[in-house]
Amino acid sequence: MDFQPIIDFIRSLYQDKDIIPLHEPVFAGNEKKYVLDCIESTFVSSVGKYVDRFEEMIRDYTGVKYAIATVNGTAALHIALMLSGVKRGDLVITQPLTFIATCNAISYCGAEPVFMDVDKKTLGLSAEALETWLSENCEVVKADIESSDGLDFQPAFQCIHKLTKRHISACVPMHTFGHPCEIDRIVSICNNYYIPVVEDAAESIGSYYKAQHTGTFGLMSTLSFNGNKTITTGGGGMILTNNDELGKLAKHLTTQAKIKHAWKYEHDYVGYNYRLPNINAALGCAQMELLPDILKSKREITHKYKEFFAQQNEIEFVSEPEYCISNYWLNAIIFEGQDIRDEFLKETNENKVITRPTWILMNKLKMFKNSINGRLNTSEQLADNLANIPSSARMMSYTIPH
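None of the values given here were measured: they were computed from a predicted structure. (Residues numbered from 1 in each chain as written. Predicted model: local features only at pLDDT ≥ 70, side-chain atom pairs only at ≥ 80, totals over all residues. Heavy atoms only, no water.)

*Asks:* Account for the overall build of the protein, with residues named and values stated.
*Replies:* If you tally the helices and strands in the protein, you get eleven helices and 16 strands. Relative to its length of 402 residues, the protein is compact, with a C-alpha radius of gyration of 21 Å against a globular reference of 21 Å. Principal axes of the C-alpha set define a box for the protein whose edges measure 60 × 60 × 35 Å. Long-range pairs, those at least 24 residues apart, make up 72% of the contacts in the protein with a sequence separation of at least 6. As presented, the protein carries roughly 17,500 Å² of accessible surface, and 50% of it is formed by carbon and sulfur atoms. The distance from the centre of the 39 positive side-chain charges to the centre of the 49 negative ones in the protein is 5 Å. (Helix = DSSP H or I, 4+ residues; strand = E, 2+ residues; numbered from the N terminus. Rg over C-alpha atoms; globule rule 2.2 N^0.38 Å. Contact = heavy atoms within 4.5 Å. Areas by Shrake-Rupley, 256 points an atom, 1.4 Å probe, with all protein chains shown as cover. Lys, Arg positive; Asp, Glu negative; His and termini not counted. Charge placed at Lys NZ, Arg CZ, Asp CG, Glu CD.)

*Asks:* If you had to explain helix H11 (residues 377-385) to someone new, which residues and values would you point to?
*Replies:* An α-helical segment advances 3.6 residues per turn. Residues three or four places apart therefore align on the same side. Looking at H11, one finds that the buried residues are Thr378, Ser379, Leu382, Ala383 and Asn385. If you follow the buried residues of H11, they end up packed against strand S14 (331-335), helix H10 (338-350) and strand S16 (386-389). (Buried < 20%, exposed > 50% of the residue type's maximum accessible area, 1.4 Å probe, protein only.)

*Asks:* Could you give an account of the sheet that holds strand S7 (residues 198-200), with specific residues and numbers?
*Replies:* Ordered by their spatial adjacency, four strands build an open sheet running S1-S11-S10-S7, and the pairing between neighbours is mixed. Both outer strands of the open sheet, strand S1 (66-70) and S7, are each paired with one neighbouring strand and no more. Neighbour-to-neighbour, the strand axes of the sheet open up by a mean angle of 20 degrees, direction not taken into account. Sheet analysis places S7 next to strand S10 (residues 220-224), joined by three bridges and oriented parallel. By the bridge assignment, glutamate 199 is partnered in S10 with serine 221. In the packing of helix H8 (residues 244-253) onto the sheet, the strands contacted are S1, S10 and strand S11 (237-241), and the crossing angle to S1 comes to about 20 degrees. (Pairing = 2+ DSSP bridges. Axes fitted to C-alpha atoms, helices over the stretch in contact; angles between N-to-C directions.)

*Asks:* An account of the side chain of threonine 62 is requested, with residue identities and associated values reported.
*Replies:* Here threonine 62 is to be found in helix H3 (residues 49-62). The exposure class of threonine 62 is buried, given its relative accessible area of 8%. Among the polar contacts made by the side chain of threonine 62, one reaches the main-chain carbonyl oxygen of isoleucine 58 at a distance of 2.8 Å. At a separation of 3.4 Å, a polar atom in the side chain of threonine 62 contacts the main-chain amide nitrogen of valine 64. (Polar contact = N/O pair within 3.5 Å; in protein donor to acceptor, adjacent residues only side chain to side chain.)

*Asks:* Quick one: what's the story with the environment of leucine 22, residue by residue and with numbers?
*Replies:* As for its position among the elements, leucine 22 is in the loop between helix H1 (4-13) and helix H2 (31-41). Separated by twelve residues in sequence, leucine 22 and isoleucine 10 place their C-alpha atoms 11 Å apart. Not counting the four nearest positions on each side in its chain, leucine 22 is found in contact with Leu330, Ile354, Thr355, Arg356, Asn388, Ile389, Pro390, Ser391 and Ser392.

*Asks:* Describe the side chain of asparagine 278, listing the residues and the values that go with them.
*Replies:* Position of asparagine 278 among the secondary structure elements: in helix H9 (residues 278-309). A distance of 2.9 Å separates a polar side-chain atom of asparagine 278 from the backbone nitrogen of tyrosine 50. Apart from residues lying up to four places away in sequence, asparagine 278 is in contact with Cys38, Phe43, Val44, Ser45, Ser46, Val47, Gly48, Lys49, Tyr50 and Val51.

*Asks:* Outline the packing of aromatic side chains, supporting the account with residue identities and numerical values.
*Replies:* This structure, assessed with the given rule, holds 16 aromatic pairs. With a centroid separation of 6.5 Å and an interplanar angle of 80 degrees, the aromatic rings of phenylalanine 115 and phenylalanine 368 are classed as edge-to-face. Separated by 253 residues along the polypeptide, phenylalanine 115 in strand S3 (residues 112-115) and phenylalanine 368 in the loop between strand S15 (356-357) and H11 bring together distant segments of the chain. Here phenylalanine 115 and phenylalanine 368 have matching classes, each one buried. Chaining the aromatic ring pairs together yields one cluster made of Phe9, Tyr305, Phe308, Phe309 and Phe317. Of note, lysine 142 hangs over the ring of phenylalanine 157, and the distance from its end group to the ring centre comes to 5.8 Å. Looking at lysine 258, its charged tip hangs above the ring of tyrosine 265, at a distance of 5.4 Å from the centre. (Phe/Tyr/Trp six-rings, centres within 6.5 Å; stacked < 30°, edge-to-face > 60°. Lys NZ or Arg CZ within 6 Å of the ring centre and 35° of its normal.)

*Asks:* How would you summarise unusual backbone geometry if you had to cite specific residues and measurements?
*Replies:* The backbone phi angle of lysine 210 is positive, close to 50 degrees, even though this residue is not glycine. Along the polypeptide, lysine 210 turns up in the loop between strand S8 (208-209) and strand S9 (212-213). We classify lysine 210 as partly exposed; its relative accessible area is 46%. Notably, alanine 211 is not glycine yet its phi reads approximately 70 degrees, a positive angle. By the element assignment, alanine 211 lies in the loop between S8 and S9. Residue class for alanine 211 comes out exposed when judged on its relative accessible area of 74%.

*Asks:* Before we move on, can you summarise the pattern of salt bridges with the specific residues and values?
*Replies:* In the structure shown here, the tally under the stated rule is 19 salt bridges. Glutamate 316 serves as the salt-bridge partner of lysine 120, at 3.4 Å between the closest nitrogen and oxygen. With lysine 120 in the loop between S3 and helix H6 (127-137) and glutamate 316 in strand S12 (residues 315-317), this residue pair connects regions lying 196 residues apart in the sequence. When its relative accessible area of 39% is taken as the criterion, glutamate 316 is described as partly exposed. (Salt bridge = Lys/Arg side-chain N within 4 Å of Asp/Glu carboxyl O.)

*Asks:* Explain the packing of H1 against H9 residue by residue, including any values.
*Replies:* One can describe the packing of H1 onto H9 by two numbers: an axis separation of 11 Å at closest approach and a directional angle of 160 degrees. The angle between H1 and H9 places the two elements in the roughly antiparallel class. Judged by the twist between their axes, the crossing of H1 over H9 is right-handed. When H1 is examined against H9, the residues Pro5, Ile6, Phe9, Ile10 and Leu13 are found in contact with a partner set consisting of Ile301, Lys304, Tyr305, Phe308 and Phe309. Taken together, the residues of the contact of H1 with H9 sort by class into nine nonpolar, no polar and one charged. (Parallel < 35°, antiparallel > 145°, perpendicular 65-115°, else oblique. Left-handed = near helix turned anticlockwise from the far one by under 90°. Nonpolar A, V, L, I, M, F, W, Y, C, P; charged D, E, K, R; others polar.)

This is the structure in structure tokens:
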């Protein structure tokens, strides 16, 4: 297959670039101004006006009650899982088509992932696969283990994996590449089995499912603001929840569980040094001001991609699912076979157009090769045939907000 027309088309979208990255940040607003102000204030660590403002901006944007800023998305997911009741020896349902951070956070809790297939139309956890596997392999029993530390969400009943007798204490669906999964149905299924849902919304700032922002459906959720995300704080994450107790506790734990006092150092839990520094939050505040324009630019690029790939008979462009507005964090295309996909990756990268395959499936990694899983046919097909293509926003002119 001749890939030169694709390379030429991508270069036409990013004409000022010699090497076209997969996704680079856009700094076109008040980033320098706010960071400099933060430096001059000397409040560059975990206390400062920008941290509070950034959390407020995320709350207002997503419509969630609590937003707790963390050093990265993995730390956010670790705390969210722990507060949702995940304990050592538990099982946590997730998808194999995800970034390693999802499974790392599960492992930090001493739990093990259980892998369910994804849905091709959303690229996220398949509600149908989840419901089928739970009905065939699990049962709901009265909870006989009470929380000893007061840190977690403890339902009256538990879902038990019948073969291993282990507690399934959470489900972590991911909104893959910013495309919302069928989250309302997933939450409904999990509610029937008393399984808290922790949304991995790391990639989906600005994405909506049925007019509701991702990360606001489950008991808790997390966002990421890594340098390659739609907006960035350099490194950073956010815990989202509408639960009063868990929201307050998440903020307490991520600041070393220190009890407020004018001078005394007193702590009431094992805490974590997970608070986002003020200097990173300053960057985030400026990025949030740009977010609507970044999303608009990314959708314009996506529209051009759609029109182009509609003429490519052997390549399928991944579009937002029904009832969804996707942020199109990373645009994706699907080939008819792995050989042609790999040839595309080789040729584009040799021509300085950065493309990537999706992640190696988590159940293929040595750390998780013995994990429980359902049938993973769609995940395997996508891992073999899908490629991500350059998706950076292009904001050639922009008026800095004041």
